[in-house]
Amino acid sequence: MIRSTAMLLMLVCGSLVYGQASAQANAEAPPDARTPLEKQLAEIRDVDQLKQMAAAFRGKQEFLSEAATWRRLSELRPHIGQIKVEMAAAYAQLADRSPAYNALLGLQTQGYGMQLSDDPRFAKVADTQAWDYITDALKQNLTPFGEGKVAYTLPKQDLLIESLAWDSSRKQLLVGSIRDGAVYRVGADGALTALVKADAKNGMWGVMDVAVDAKRNVLWVASTAVPHFKGYKPERDLGRAGVFKFDLKSGAFLKSYLSPTVVGGAFSMTTLALAPDGVIYAADGVNNAVYQVRDDQLRRVFHATTLTGIRGISATADGRTLYFADQERGILGYDLASGKPFDVGVPPHLALAGVEGLIVWKDSLLVVQNGMQPARVMRLLLAADGRSITGVKPLAAGQPEFGLPTLATLTEDRLLFIANSQKNEYDRFGLLRKADALQATRIFSVDPNFASDLAGSKPTGNEPPALLKRPVVEPPAKK
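Predicted model, so just to flag it, every value in this text is computed and none were measured.

Caption draft 1: How the structure looks around the packing of helix α6 (residues 97–109) against helix α7 (residues 129–140). Where α6 meets α7, the closest approach of the two axes is 9 Å, and the angle between their N-to-C directions is 25°. Here α6 is positioned roughly parallel relative to α7, judged by the angle of their axes. α6 and α7 meet at a crossing whose hand is left-handed. Where α6 approaches α7, its residues Tyr101, Leu104, Leu105, Leu107 and Gln108 are matched on the opposing element by Ala130, Trp131, Ile134, Ala137 and Leu138. Class assignment for the residues of the contact of α6 with α7 results in nine nonpolar, one polar and no charged.

Written out as structure tokens, the structure reads:
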């Protein structure tokens, strides 16, 4: 079990405030002690520019400069593990063990698992007991964890099912198909029965997400015109998207709320969140905006140009707060009363890149995270004010049924999520790469109460080491 050091805490700790990254990783070095390159890098906030610089330094084998660039990127994107891998590799090629090892230890404590023993970039630092200790621990993090199971196996068809919602009024699962532009009821055996389908009357396109308002007998659908939709016609549909309202019981079309028509503009309604008062929120994950349907009108709530891609979104039980996940920046919040966003503080060793599914549940956020290796599902405990995460309860990680897990829904006592999204089996033109590569979509089920608490619960012997509280000891000394 890897145990963190004070230096490691400094390296992996970071805060996130809407585009303002933490400078904590460089806190020990006063500005005057920085090299000219470090001073230059500190002024750069453009992630793509920094990646290009790192690649250029690598091409010239200027590994110290490359490492400094990756370190700056890690300040701006503390949740992305691959940045730390690249930084460690640059230091390793300089045979500089200490920063290389610390970067990898940071990854391990964040829960990343990987196989590095065969990576030739680390050959110059792979000659110590500490190296063996670190690589064994990273490999151990790939071990499957949790006691969930597959609840439904859907037909192996060209449907591209990417969303799901639980209908509590009928105790039935609904799923949405991007290919067919349909919402299906799911039988106990996984058989599908169409409830609604895109047609000339409703004008819908591919189904990106669904939400059930059982109290008001409403089915909400986020739909976007994408090439993957079989009825897509670019001359008519390019850039179109909207939120669609249906009768939950009969599937009858009620109304559509379409995105604005802007010359040269494109919209993409990708995920939905239902508030307790019946207001529906829809995220445009391409333009990083959130809309709401209230009083029978669609209006924009906010537009955050500094984000990299909004995915999961969920409203609190009191209807005052929206939480949403950004692909690279982790989880953020939005105060609906004040109209102001806020950062959600995270513990030092928690990485939240690639959160797809996000649901507010009791005092927690339930998240499905595919931006990790291994992919995982977690319960994140919220502080009383909802502005920070105070603990982590792992629910499942690295299960053999996982491929690319994505959006989730809650039943009365289970969290259901798509375990193996098939979207990577299609190219950017919406064409299926290889029909025989398609898998049956699996809906995985976990108990949100199943967990071991990061903050010191009694060990059961089945906890993933990287997510538990650990006493402070040093790894083995160098040879």
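Read on for the rest.
Caption draft 2: Focus on the confidence of the model for the protein chain. Per-residue pLDDT for the protein chain averages 88, and the proportion of residues at 70 or more is 87%. Every residue in residues 1–28 is under pLDDT 50, and counting partners more than four places away or in other chains gives 75 contacts. Low pLDDT, under 50, characterises residues 453–479; the stretch is placed with 54 contacts to residues that sit more than four places away or in other chains.

Caption draft 3: A look at empty space enclosed by the protein. For the structure on display, the rule yields three cavities of 30 Å³ or more. Of the pockets and cavities examined, the second largest cavity occupies roughly 60 Å³. Lining the second largest cavity we find Leu154, Pro155, Lys156, Gln157, Leu159, Leu160, Ile161, Gln422, Leu438, Gln439 and Thr441. Class assignment of the residues belonging to the lining of the second largest cavity gives a composition of six nonpolar, four polar and one charged.

Caption draft 4: Quick look at the nonpolar core. Ranked by internal contacts, the top residues of the largest apolar core, which has 40 residues, are Leu104 and Phe122. Elements represented by at least two residues in this core include exactly α2 (36–42), α3 (47–59), α4 (63–76), α5 (81–92), α6 and α7. In terms of residue count, the dominant contributor to this core is α5 (eight residues). With residues up to four places along the chain from it excluded, the contact list for Leu104 reads Ala88, Leu116, Phe122, Trp131, Ile134 and Leu138. Ranked by size, the runner-up nonpolar core spans 24 residues in total, among them Val196, Leu219, Tyr232 and Phe246.

Caption draft 5: Representation of the packing of α3 against α4 in the model. Contact geometry for α3 and α4: axes closest at 8 Å, N-to-C directions at 160°. If you check the angle between α3 and α4, you find them roughly antiparallel. Crossing hand, α3 versus α4: left-handed. Residues Val47, Leu50, Lys51, Met53, Ala54, Phe57 and Arg58 of α3 lie in contact with α4, whose contacting residues are Phe63, Ser65, Glu66, Thr69, Trp70, Arg72, Leu73 and Leu76. When the residues that make up the contact of α3 with α4 are grouped by side-chain class, the tally is nine nonpolar, two polar and four charged.

Caption draft 6: Quick peek at the sheet that holds strand β15 (residues 289–294). Read across the open sheet, the four strands follow the order β13-β14-β15-β16; overall the sheet is antiparallel. A strand with exactly one partner marks an edge of an open sheet, and here the two such strands are β13 (269–274) and β16 (297–303). Going from strand to strand, the sheet's axes swing by 25° on average, the running direction of each strand aside. As defined by bridge partners, β13 adjoins strand β14 (residues 280–284) across five bridges and the pair is classed as antiparallel.

Caption draft 7: How the structure looks around the pairing of strand β18 (residues 321–326). The element β18 is extensively covered by neighbouring structure, given that six of its six residues are classed as buried. Residues Thr321, Tyr323 and Ala325 line one face of β18 and the alternating positions Leu322, Phe324 and Asp326 line the opposite face, and both faces are buried. The pairing of strand β17 (residues 310–315) with β18 spans four bridges and is antiparallel. Its bridge partner lying in β18, Ile310 is registered against Asp326. What sits between β17 and β18 in their antiparallel hairpin is a turn of five residues, with Gly319 showing a positive phi close to 70°. The pairing of β18 with strand β19 (residues 330–335) spans six bridges and is classified as antiparallel.

Caption draft 8: Seen up close, the packing of aromatic side chains. Across all of its chains, the model carries 12 aromatic pairs by this definition. Within the aromatic cluster, the residues linked to one another by ring pairs are Tyr101, Phe122 and Trp131. Lying over the aromatic face of Phe342, Arg387 brings its terminal NZ or CZ to 3.8 Å of the ring centre.

Caption draft 9: Representation of the environment of Ile134 within the structure. Mapped onto the elements of the fold, Ile134 is located in helix α7. Residue classification places Ile134 among the buried positions, given a relative accessible area of 1%. Spatially, the C-alpha atoms of Ile134 and Leu107 are 9.9 Å apart, while their sequence positions differ by 27 residues. When residues no more than four places from it in sequence are discounted, the contact partners of Ile134 are Tyr101, Leu104 and Leu105.

Conventions and cut-offs
Residues numbered from 1 in each chain as written. Predicted model: local features only at pLDDT ≥ 70, side-chain atom pairs only at ≥ 80, totals over all residues. Heavy atoms only, no water. Axes fitted to C-alpha atoms, helices over the stretch in contact; angles between N-to-C directions. Helix = DSSP H or I, 4+ residues; strand = E, 2+ residues; numbered from the N terminus. Parallel < 35°, antiparallel > 145°, perpendicular 65-115°, else oblique. Left-handed = near helix turned anticlockwise from the far one by under 90°. Contact = heavy atoms within 4.5 Å. Nonpolar A, V, L, I, M, F, W, Y, C, P; charged D, E, K, R; others polar. pLDDT = per-residue confidence, 0-100. 1 Å grid on protein atoms, 1.4 Å probe; cavity = no way out; pocket = protein on both sides within 12 Å on 5 of 7 lines; lining within 4 Å. Points joined across faces, edges and corners; volume = space filled by probe spheres on them. Core = buried A, V, L, I, M, F, W, Y, C linked by side-chain atoms within 4.5 Å. Buried < 20%, exposed > 50% of the residue type's maximum accessible area, 1.4 Å probe, protein only. Pairing = 2+ DSSP bridges. Phe/Tyr/Trp six-rings, centres within 6.5 Å; stacked < 30°, edge-to-face > 60°. Lys NZ or Arg CZ within 6 Å of the ring centre and 35° of its normal.

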